[in-house]
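Residue-level structure breakdown
The primary structure of each chain is shown beneath.
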Amino acid sequence: MDVDVLEGLIETSAQHDARKHDHTADAQALRFDGDAKLLVPPTLMGYLPPLVMTEWADRQLYAKLGPVVFGRGSSKALPYDYLSALEPDLRADVLNRHLTAAGDRRWLVRGYDASARAVLDSGYPIVSNTELLEALEGLIKHERGKFPGLQFVRPSVTADDLNVKIVWRNVDPDGAGGNPPFGLGCYLGNGEIGNRRIRLWPLVQKHSCTNSIIVDHDEGLTLTHRGSLAGIMVLIKAAMGRVFRASAEALDRLILAESERIEDLSDVLDGLSVKYGWRDEVRDAVAFGMEGRQTRAGLVGGITYAAHAVFDDPNEQADMEVLGGRVLMADGGLFAAAVRLAREQRLVGAAAALRA
């Protein structure tokens, strides 16, 4: 059992924790200095140095100030591109005026070293990556017999995010013996800055390439940051069995998908590229990763190949693997819609070329 990997993740996450700090304050008590760095009110520990806003924190703040400017109930955010283009002192003046008008709003500023990594509502329940990892370690050790041959696949923990893929059962559907071609398990994800929910979803891994397919399945678990950690782990423990059964169902679906031929493959790839915003590099990687298989399973394999061939960020990798799962489980209408979208885009391009 690959427990050393989990202990290493916990240690890494704890090292990040030592550099984190949280501050709850009234919005109107927050201020920006002339360099557009955030000043939080002093605490019993004294003053904190000015914090450099990350892009994520900036966008969260601008969304929260939207109703201050556009009226309560508005979903509009302050324009990020415009504010970013302003000189720092002018941007600070604009934001300070809006913060003064923010009334009784109370926010949580999450910091990491000298940066502000998130601006959240004051009641945002914090479930840390370290707590989830430690709870997962306790669950695995307590239920040791249920996880034969447990392995971690490309696990990652950063200051903000957690992406852990676990395989604990290997299967050989053909019964041919030798090395089992597939692994079943789950994906556990979390975000500490309001970017991601807690997610426990079934997973299928093809051992020949270690690419994982994450399935956003009804039997999985998706939790907002609400309630206690103990309650969340009870839900995760209860969901483990369901997730494993769902991963077996996903494997059955993958085997069937090997014989589902995709007609008009080029149009399907073009249409999916438009639908999901793939740049040319991603589309090419998907096509390459299909390894000449013009089937649904081949397309899923291409998407999960692109997850690691193109993307370095663990969040983006997981998103592509989740997309692979969605393409696997989607009905045939997805491909028909992709073909229509590709052909519509070509007509639009041809019309634009004629006008030019």
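Everything numeric here is computed off the predicted structure, so don't read it as measured data.

Another aspect to go through is the overall build of the protein chain. Each helix and strand in the protein chain was counted, giving 11 helices and 12 strands. Its C-alpha atoms give the protein chain principal-axis dimensions of roughly 70 × 70 × 30 Å. Here the contacts in the protein chain between residues at least 6 apart in sequence split such that 63% fall between residues at least 24 apart. About 17,200 Å² of surface is accessible on the protein chain, with carbon and sulfur atoms providing 52% of the total. Charge separation in the protein chain, taken as the distance between the mean sites of 40 positive and 49 negative side-chain charges, equals 4 Å.

With that out of the way, let us pick up the packing of aromatic side chains. Tallying each qualifying case throughout the model produces five aromatic pairs. Seen from their ring centres, Trp 168 and Phe 244 are 5.8 Å apart, and the 25° between their planes marks the pair as stacked. Here Phe 244 lies in helix H6 (residues 229-257) and Trp 168 lies in strand E8 (residues 161-171), a separation of 76 residues in the sequence. Across the pair, exposure class does not vary: Trp 168 and Phe 244 are buried alike. A cation over an aromatic ring shows up here: Arg 59 above the ring of Tyr 80, its NZ or CZ 3.9 Å from the ring centre. Residue placement shows Lys 76 over the ring face of Phe 70; its charged tip is 4.2 Å from the ring centre.

What follows deals with helix H7 (residues 265-276). With 12 residues, H7 ought to run about 16 Å at 1.5 Å a step, and its terminal C-alpha atoms sit 16 Å apart, in line with that. Burial in H7 covers these residues: Leu 265, Asp 267, Val 268, Leu 269, Gly 271, Leu 272 and Ser 273. Among the residues trailing H7, Gly 277 stands out with phi positive, at a value near 70°.

Take Asn 129: it is sitting in helix H5 (residues 129-142). Spatially, the C-alpha atoms of Asn 129 and Ile 10 are 8.4 Å apart, while their sequence positions differ by 119 residues. Setting aside residues up to four positions removed in sequence, Asn 129 forms contacts with Ser 13, Val 157, Thr 158, Ala 159, Asp 160, Asp 161, Leu 162, Asn 190 and Glu 192. Reaching out from Asn 129, the side chain makes a polar contact with the side chain of Asn 190 at a distance of 2.9 Å.

Turning next to helix H10 (residues 314-329). Along an α-helix, residues three or four apart share an orientation, since each turn contains 3.6 residues. Compared with an ideal rise of 1.5 Å per residue, which puts 16 residues at 22 Å, H10 spans 23 Å between its outermost C-alpha atoms and is within 8% of the ideal. Every buried residue belonging to H10 is among Asn 315, Gln 317, Ala 318, Met 320, Glu 321, Val 322, Leu 323, Gly 324, Gly 325, Val 327 and Leu 328, and all of these are buried. Of the residues flanking the start of H10, the one acting as N-cap is Asp 313, its side-chain oxygen 3.0 Å from the backbone nitrogen of Asn 315.

It is worth spelling out the pattern of salt bridges at this point. Throughout the structure, instances matching the rule amount to 24 salt bridges. A salt bridge links Lys 141 to Glu 137; its shortest N-O distance comes to 3.4 Å. Taken together, the residues Lys 141 and Glu 137, both in helix H5 and four residues apart, mark about one turn of the helix. The partly exposed category is assigned to Lys 141, whose relative accessible area is 38%. Here Glu 137 falls in the buried class, since its relative accessible area comes to 15%. In this structure, Lys 165 engages Glu 321 in a salt bridge whose closest nitrogen and oxygen atoms are separated by 3.0 Å.

What follows deals with unusual backbone geometry. We note that Ala 36 has phi near 60°; this positive angle belongs to a residue other than glycine. Turning to its location among the elements, Ala 36 is positioned in the loop between strand E2 (31-32) and strand E3 (38-39). Phi at Glu 291 is positive, roughly 55°, even though this residue is not glycine.

Here we come to the side chain of Arg 296. Here Arg 296 lies in helix H9 (residues 296-309). Residues contacting Arg 296, with those up to four places away along its chain left out, are Arg 253, Ala 257, Glu 260, Ile 262, Val 327, Leu 328, Ala 330, Asp 331, Gly 332 and Phe 335.

In this section: the packing of H7 against helix H8 (residues 280-289). The interhelical angle for the contact between H7 and H8, taken along N-to-C directions, is 140°, at an axis separation of 10 Å. Put simply, H7 runs oblique to H8. The element H7 and its partner H8 pack so that their crossing is right-handed. The residues of H8 that touch H7, namely those facing Ser 266, Leu 269, Asp 270 and Ser 273, are Arg 283, Val 286 and Ala 287. Classifying every residue of the contact of H7 with H8 by side-chain character gives three nonpolar, two polar and two charged.

Let's shift gears to the environment of Ala 27. In this fold, Ala 27 is placed in the loop between strand E1 (20-26) and E2. What Ala 27 contacts, discounting residues up to four positions off in sequence, is Leu 99, Ala 102, Arg 105, Arg 106 and Trp 107.

Here we come to a negative patch on the surface. Side chains of Asp 35, Glu 87, Asp 89 and Asp 93 sit close together on the surface and give a patch of like negative charge. With respect to the secondary-structure elements, Asp 93 resides in helix H4 (residues 88-100). For Asp 93, a relative accessible area of 51% translates into the label exposed.

Definitions and limits used
- Residues numbered from 1 in each chain as written.
- Predicted model: local features only at pLDDT ≥ 70, side-chain atom pairs only at ≥ 80, totals over all residues.
- Heavy atoms only, no water.
- Helix = DSSP H or I, 4+ residues; strand = E, 2+ residues; numbered from the N terminus.
- Contact = heavy atoms within 4.5 Å.
- Areas by Shrake-Rupley, 256 points an atom, 1.4 Å probe, with all protein chains shown as cover.
- Lys, Arg positive; Asp, Glu negative; His and termini not counted.
- Charge placed at Lys NZ, Arg CZ, Asp CG, Glu CD.
- Phe/Tyr/Trp six-rings, centres within 6.5 Å; stacked < 30°, edge-to-face > 60°.
- Buried < 20%, exposed > 50% of the residue type's maximum accessible area, 1.4 Å probe, protein only.
- Lys NZ or Arg CZ within 6 Å of the ring centre and 35° of its normal.
- Expected span 1.5 Å × (residues − 1).
- Polar contact = N/O pair within 3.5 Å; in protein donor to acceptor, adjacent residues only side chain to side chain.
- Salt bridge = Lys/Arg side-chain N within 4 Å of Asp/Glu carboxyl O.
- Axes fitted to C-alpha atoms, helices over the stretch in contact; angles between N-to-C directions.
- Parallel < 35°, antiparallel > 145°, perpendicular 65-115°, else oblique.
- Left-handed = near helix turned anticlockwise from the far one by under 90°.
- Nonpolar A, V, L, I, M, F, W, Y, C, P; charged D, E, K, R; others polar.
- Patch = residues over 30% accessible without salt bridge, like charges linked within 9 Å, V, L, I, M, F, W, Y side chains within 5 Å.

Honestly, that's just the spatial picture; any functional story needs more than this.
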